[in-house]
Amino acid sequence: MTINIFHILLLSCIHLATTTTSVPYKTMLGGYRIPVLGYGTFTVMNETELTIALNEALKLGYRHIDTAQIYGNEYIIGNVLSEWLISGKLKREDLFVTTKLHVINAFPEKVEQAVNKSLTDLKLDYIDLLLIHCPIAFNLDSKGGLIAAPTDHVGVWKKMEEQVDAGLVKSIGLSNFNMSQINRIIAAARIPPVNLQIEVHPYFQQKELREYCRQHNILVVAYSSLGSPGLPKFFKNVGYKNTTVPNILADPEIARMSKKHNKTPAQVILRFIIQLDLVAIPKSTNAKRIKENIEIFDFELDNQDMKDMEKLEKGIKTKVIDLLFLGPNVEKHAEYPFTELFQ
Ligand code: A2P
């Protein structure tokens with residue numbers, strides 16, 4: 001057979017479509033491995049959109065999926081994953097799934113039932129990483145509104161340890177907790193927290209909290225690492241409130257590094273996060289950007305780049321967290337976490 005230009009084009013298209021990236025892992029305290037790049041799913045509740053995007057992500061090599069009970073999408077993720085697992089395209093041990101206790105489930109007596117519900121929705125027989133999503137637990141009022149409630153972190157943690165003992169959860173951790181709150185868990189824990197998920201991006205780098213976590217062998221997962229550019233639209237759609245976010249992707253210093261490395265601003269930021277020894281979980285439902293976000297293992301920021309990125313700290317948070325801290329007088333709650341500098 002003679003090979004002509006048509007065959008070459010066809011072969012390169014097939015190659016493009018099937019290239020999968022092997023994402024490096026980090027080993028957490030307790031011995032379980034987590035891919036340093038995950039696929040974030042916050043704000044994606046549309047079944048068709050998430051099904052298409054997650055299939056795309058899995059094809060490209062994403063193996064770490066980040067969800068939460070409050071995102072309302074565990075069942076969609078479960079449908080996609082079970083198709084991959086049952087067909088044999090994916091082995092369970094190659095997959096890493098994180099979910100988080102809903103604020104209305106962060107009570108000791110609700111943990112077991114909440115874990116079982118997540119397992120049912122995700123169609124899995126264990127969760128790789130379970131986090132307490134928020135340091136304040138909420139009850140629902142008669143109209144479905146959230147009312148901040150007295151919160152027993154240690155009581156919840158003990159129940160999460162039982163889920164580990166039962167083999168339903170492999171690792172446990174926290175999200176949006178400050179140092180004093182983490183200290184209290186560590187002091188009471190039989191199984192220490194191995195993971196903390198917090199907002200980290202170039203304008204809000206969380207240096208102190210990251211250092212604290214490093215000293216306690218807690219791996220940090222960065223959310224909103226690109227500055228949550230989709231947040232204003234999401235807030236508007238859910239009728240919450242007007243919000244603005246910093247346009248980190250348009251930062252001139254990041255543009256300079258993007259040009260230097262022939263990578264996009266998002267790729268430079270994700271590389272920065274990973275070179276800080278963190279895990280990144282960018283959400284995208286756009287095929288081009290899902291691919292772009294995983295193509296970050298073929299370049300490195302040098303020492304000077306890292307120093308220049310560190311200089312971008314501005315103490316500016318996105319308002320993503322406002323969504324968890326709803327209800328009257330929530331800032332006066334005993335466990336409101338943002339009274340300390342940097343959480
Ligand atoms: P999209 O889904 O349209 O790509 P999060 O902060 O929850 O991780 O969300 C990331 C936000 O950044 C989403 O709004 C996503 O929108 C957008 N995004 C993801 N990847 C990229 C990228 N490579 N370049 C620009 N925007 C991105």
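Refer to the structure presented above.
Residue numbers run consecutively from 1 along every chain, following the written order of its sequence. Thresholds applied to this predicted model are a pLDDT of at least 70 for local features of residues and 80 or more for the giving and counting of side-chain atom pairs; totals over whole chains, interfaces and linings are not thresholded and use all residues. Excluded from the side-chain calculation are hydrogens and water; included are all heavy atoms of the structure.

K.L.:
Could you clarify how one ought to interpret the site of the ligand in this entry?
P.N.:
Taken together, 16 residues lie around the ligand, and K283, S284, T285, R289 and N293 are the ones closest in. Counting of polar contacts relies on pairs of N or O atoms within 3.5 Å, with two restrictions inside protein: one atom must be capable of donating a hydrogen and the other of accepting it, and residues adjacent in sequence are counted only when both atoms are side-chain atoms. At 2.9 Å, a backbone N or O of T285 approaches an oxygen atom of the ligand. The accessible surface values rely on the Shrake-Rupley method and a 1.4 Å probe; as for residues, cover is taken only from the protein chains in view. Here the ligand has 560 Å² of accessible area as a free molecule, and 83% of this is covered by the chains. A cutoff of 4 Å decides nearness: a residue is near a molecule or strand if any of its heavy atoms lies inside that distance of it.

K.L.:
Explain the pairing of strand 7 (residues 137–140) to me, please; I cannot follow it from the model alone.
P.N.:
The side chains of a regular strand alternate between the sheet's two faces. We call two strands paired when DSSP finds no fewer than two bridges between them. Under the scheme used here, helices are H or I runs from DSSP no shorter than 4 residues and strands are E runs no shorter than 2 residues, and both carry numbers assigned from the N terminus. Direction of pairing for strand 7 relative to strand 8 (residues 146–149): antiparallel, over a ladder of four bridges. Directly across from F138, in strand 8, lies its bridge partner A148. Two successive antiparallel strands, strand 7 and strand 8, enclose a turn made up of five residues, where G144 displays a positive phi of approximately 85 degrees.

K.L.:
How should helix 7 (residues 207–215) be read in this particular structure?
P.N.:
Structurally, the α-helix is built with 3.6 residues per turn, so residues lying three or four positions apart point the same way. Categorising residues by exposure relies on relative accessible area from a 1.4 Å probe, with only protein chains included: less than 20% of the type maximum marks a residue as buried, more than 50% marks it as exposed, and the intermediate range marks it as partly exposed. Among the residues making up helix 7, those that are buried are L209, R210, Y212 and C213. Down the axis of helix 7, the sector holding all buried residues measures 160 degrees, keeping them to one side. What points out from helix 7, more than 90 degrees from its buried face, is the exposed set K207, R214 and Q215. Packed against the buried residues of helix 7 are helix 6 (179–188), strand 10 (195–199) and strand 11 (219–223). Looking one or two residues past helix 7, N217 carries a phi angle of roughly 55 degrees, positive in sign. Arc, as used here, means the arc of the directions from the helix axis to the C-beta atoms. In this description, contact between two residues means that some pair of their heavy atoms is separated by no more than 4.5 Å.

K.L.:
Whenever I open this one, the pattern of salt bridges confuses me. Can you help?
P.N.:
Pairing is possible between side chains of opposite charge, provided their charged atoms come close. Whenever a carboxyl oxygen of Asp or Glu lies within 4 Å of a side-chain nitrogen of Lys or Arg, that contact is scored as a salt bridge. Overall, the coordinates contain 18 salt bridges when judged by the stated rule. Linking E162 and K159 is a salt bridge whose minimum nitrogen-to-oxygen distance equals 3.6 Å. A residue pair is termed a helical-turn pair when its members lie 3 or 4 positions apart in one helix, as E162 and K159 do in helix 5 (residues 153–165) at three residues. A residue is classified by how much of its surface remains accessible, and E162, at 37% relative accessible area, is partly exposed. Under the relative-accessibility criterion, K159 is labelled partly exposed at 29%. Within the structure, one salt-bridge network assembled from shared partners comprises E253, R256, D308 and K311.

K.L.:
Looking at this structure, how should I read helix 10 (residues 265–275)?
P.N.:
Of all eleven residues in helix 10, nine are buried, a share of seventy percent or more. Residues of helix 10 that are buried in the fold lie against strand 11, helix 9 (252–261), strand 12 (279–280), helix 11 (287–294) and helix 12 (303–310). Following helix 10 by one or two positions, D277 adopts a phi angle in the positive range, close to 75 degrees.

K.L.:
Before we go on, may I ask you to explain the packing of helix 2 (residues 47–60) against helix 11 in this structure?
P.N.:
Relative placement of two packed helices is described by the angle separating their axes and the distance separating the axes. Their axes nearest at 10 Å, the elements helix 2 and helix 11 cross at an angle of 30 degrees. Compared by their axis directions, helix 2 and helix 11 come out roughly parallel. Two packed elements cross with a definite hand, and for helix 2 against helix 11 that hand is right-handed. Of helix 11, the residues touching helix 2 (which contributes A53, E56, A57 and L60) are A287, I290, K291 and I294. Axis definition: a line fitted to C-alpha atoms, over the contacting stretch in the case of helices. Angles run 0 to 180 degrees between N-to-C directions. Small angles under 35 degrees read as roughly parallel and large ones over 145 as roughly antiparallel, with 65 to 115 read as roughly perpendicular and the rest as oblique. Left-handed describes a crossing in which the near helix is turned anticlockwise from the far one by less than a right angle; the clockwise case is right-handed.

K.L.:
Even after reading the chapter, I still don't get unusual backbone geometry, so can you show me in this structure?
P.N.:
Generally, phi is negative for residues other than glycine and the peptide bonds are trans, each holding for most cases. Even without being glycine, N176 reaches a positive phi, approximately 65 degrees. Tracing the chain through its elements places N176 in the loop between strand 9 (169–175) and helix 6. Even without being a glycine, Q206 presents a positive backbone phi close to 55 degrees. Mapped onto the elements of the fold, Q206 is located in the loop between strand 10 and helix 7. Residue classification places Q206 among the buried positions, given a relative accessible area of 0%.

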